[in-house]
Amino acid sequence: MMNLTISTKGISTFFFAAGFLLFIQAFYVSSMIEGTSDYLFNLHDIQNEQYTRLGLKQSKVVLHSEVIREITDRFNSHTFHAVLAMSVAGVIFLLLGFLLSRYQITVSEMPAGERQP
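Let us now look at the side chain of T79. By the element assignment, T79 lies in helix 2 (residues 65–101). Accessibility expressed as a relative area gives 12% for T79, which makes it buried. Not counting residues within four places of it along the chain, the set of residues in contact with T79 comprises V29 and I33.

So this is what it looks like as structure tokens:
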């Protein structure tokens, strides 16, 4: 008589952990978007204050507000796509982990005279 049971608990744990880590990374990246955008606008304000204090013309400003707005819009767009992709991947990994936690293979050999219905 042979009885073999294959459990996918280890694999499902890996998928759960990977999905959870993808969600944490997506949250971290989305929180960093705001900080970077605010930093660029603060940098622009500091630049304008320095030019005003030195008595220089605003036309000589290196970074114009339109350029900073364009940079932050592109940055926000790309990071939004990255956060969305990480979230979708996290959901897929969590679903795979859930399905694999329910999955179990059993192989058994019965004597020739016994049959299961």
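So much for the structure itself; the text now carries on.
Attention shifts here to a nonpolar patch on the surface. Together, F80, L84, V88, I92 and L96 make up a nonpolar patch on the protein surface, roughly 450 Å² of accessible area in all. Tracing the backbone shows L84 in helix 2.

Our next topic: the packing of aromatic side chains. The full count for this structure, using the stated rule, is two aromatic pairs. On the basis of an interplanar angle of 65 degrees and a centroid distance of 5.5 Å, the ring pair of F14 and F15 is categorised as edge-to-face. Taking 5.4 Å as the distance between ring centres and 45 degrees as the angle between the ring planes, the aromatic pair formed by F15 and F93 counts as tilted. One end of the pair, F15, is in helix 1 (residues 9–54); the other, F93, is in helix 2, with 78 residues separating them in the sequence. The buried category is assigned to F15, whose relative accessible area is 17%.

Attention now goes to the environment of L99. Here L99 is to be found in helix 2. Note on L99: relative accessible area 55%, which makes it exposed. As for L99 and S12, which are separated by 87 residues in sequence, their C-alpha atoms are 7.8 Å apart.

With 46 residues, helix 1 should reach 68 Å at 1.5 Å per residue; the first-to-last C-alpha distance of 67 Å fits that figure. Against helix 2 lie the buried residues of helix 1. Within two residues after helix 1, G55 carries a phi angle of roughly 80 degrees, on the positive side.

Before going further, it helps to examine the pattern of salt bridges. One pass over the full model with this rule turns up one salt bridge. A salt bridge links E70 to R74; the shortest N-O distance between them is 3.0 Å. Highlighted residues: E70 and R74, both in helix 2, separated by four residues, approximately one helical turn. Overall, E70 belongs to the partly exposed group, its relative accessible area being 41%.

On to the packing of helix 1 against helix 2. Where helix 1 contacts helix 2, the axes come no closer than 7 Å and their chain directions differ by 170 degrees. By the criterion of interaxial angle, the relationship of helix 1 to helix 2 is roughly antiparallel.

Conventions and cut-offs
Residues numbered from 1 in each chain as written. Predicted model: local features only at pLDDT ≥ 70, side-chain atom pairs only at ≥ 80, totals over all residues. Heavy atoms only, no water. Helix = DSSP H or I, 4+ residues; strand = E, 2+ residues; numbered from the N terminus. Buried < 20%, exposed > 50% of the residue type's maximum accessible area, 1.4 Å probe, protein only. Contact = heavy atoms within 4.5 Å. Patch = residues over 30% accessible without salt bridge, like charges linked within 9 Å, V, L, I, M, F, W, Y side chains within 5 Å. Areas by Shrake-Rupley, 256 points an atom, 1.4 Å probe, with all protein chains shown as cover. Salt bridge = Lys/Arg side-chain N within 4 Å of Asp/Glu carboxyl O. Phe/Tyr/Trp six-rings, centres within 6.5 Å; stacked < 30°, edge-to-face > 60°. Expected span 1.5 Å × (residues − 1). Axes fitted to C-alpha atoms, helices over the stretch in contact; angles between N-to-C directions. Parallel < 35°, antiparallel > 145°, perpendicular 65-115°, else oblique.

Read these as layout, nothing more, since geometry by itself doesn't imply function.
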